[in-house]
Amino acid sequence: MARKSGEGENGDQRAGVMPLPDPEEYREAYYAGRVMTSPMGGRLDPLTVRMEDDGSGTVIFECSSSSLRYELSIPTGTRTERRKVKEVRESGIDPYCPRHGEDTRLVRVDRDVACPQCGARFGRAG
Ligand SMILES: [Zn+2]
């Protein structure tokens, strides 16, 4: 079972990464920019945000006290969120993340817009 992850396409980034318990709660804290406490008692510092092919995102955190790594998956934009992003863009404002708020501008990824902090997509660009 202890198959060593080589330097293949997945790298070692997923190796030893555990899913966070209570993802709902952690997502809420993450969107709000609150300090997140790891299940090991330390602080969770975001390391990487990955954009998945299905439009969802994955954020990898490292626990400041144990150095254990955790992942939190972020669902893709809902219909309501996409509509809101579209309305904002059509009103001439650079679209921002409906979860992170106005300080987090969306970036263009392929033909979509995505939040650099969620890794999730929120509909078509332009
Ligand atoms: Zn976001």
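This text goes with the structure placed above it.
Each helix and strand counted, the chain has two helices and nine strands in total. The order of helices and strands in the chain, counted from the N terminus, is β-α-β-β-β-α-β-β-β-β-β. Within the chain, the fraction of its 126 residues that count as buried is 25%. A separation threshold of at least 6 residues defines the contact pool for the chain, and within that pool the share at least 24 residues apart is 37%.

Right, let's talk about helix α2 (residues 79-90) for a bit. The end-to-end C-alpha distance of α2, which contains 12 residues, comes to 16 Å, matching closely the 16 Å that a straight helix rising 1.5 Å per residue would cover. Trailing α2 by a residue or two, Gly 92 shows a phi angle of about 90 degrees, which is positive.

What follows is about the pairing of strand β4 (residues 69-74). Only one face of β4 is covered, namely the face carrying Tyr 70, Leu 72 and Ile 74; the face carrying Arg 69, Glu 71 and Ser 73 is uncovered. Sheet analysis places strand β1 (residues 17-19) next to β4, joined by three bridges and oriented parallel. Paired with Pro 19 across the two strands is Glu 71, which belongs to β4. As paired strands, strand β3 (residues 57-63) and β4 are joined by six bridges and run antiparallel to one another. Each residue of the ladder has a partner; that of Val 59, found in β4, is Leu 72.

This part is about unusual backbone geometry. Positive phi, normally seen in glycine, also occurs at Asp 22, with a value near 50 degrees. Note on placement: Asp 22 falls in the loop between β1 and α1 (23-32). Taking the C-beta count within 10 Å as the criterion, Asp 22 has 10 such neighbours and is therefore assigned exposed. Residues other than glycine seldom take positive phi values, yet Ser 67 does so here, at roughly 65 degrees. Position of Ser 67 among the secondary structure elements: in the loop between β3 and β4. When the 9 C-beta atoms within 10 Å are taken as the criterion, Ser 67 is described as exposed.

On to the sheet that holds strand β2 (residues 44-51). Taken in spatial order, the four strands make up an open sheet running β1-β4-β3-β2, and their pairing is mixed. In the strand order of this sheet, the two ends are held by β1 and β2, each with one partner. For this sheet, the mean inter-axis angle between neighbouring strands, taken without regard to orientation, is 30 degrees. Running at roughly 85 degrees to β4, α1 makes contact with β3 and β4 of the sheet.

Right, let's get into the sheet that holds strand β7 (residues 107-109). Spatially, the three strands line up as an open sheet ordered β7-β8-β9, and their pairing is antiparallel. Both outer strands of the open sheet, β7 and β9 (121-124), are each paired with one neighbouring strand and no more. Looking at each pair of strands side by side, their axes are set apart by 35 degrees on average, direction ignored. Relative to strand β8 (residues 112-114), β7 runs antiparallel, the two being bridged by three bridges. Bridge assignment links Val 109 to a residue of β8, and that residue is Asp 112.

Reading guide: rules and limits
Residues numbered from 1 in each chain as written. Predicted model: local features only at pLDDT ≥ 70, side-chain atom pairs only at ≥ 80, totals over all residues. Helix = DSSP H or I, 4+ residues; strand = E, 2+ residues; numbered from the N terminus. Buried ≥ 20, exposed ≤ 12 C-beta atoms within 10 Å, placed from the backbone. Contact = placed C-beta atoms within 7 Å. Expected span 1.5 Å × (residues − 1). Pairing = 2+ DSSP bridges. Axes fitted to C-alpha atoms, helices over the stretch in contact; angles between N-to-C directions.

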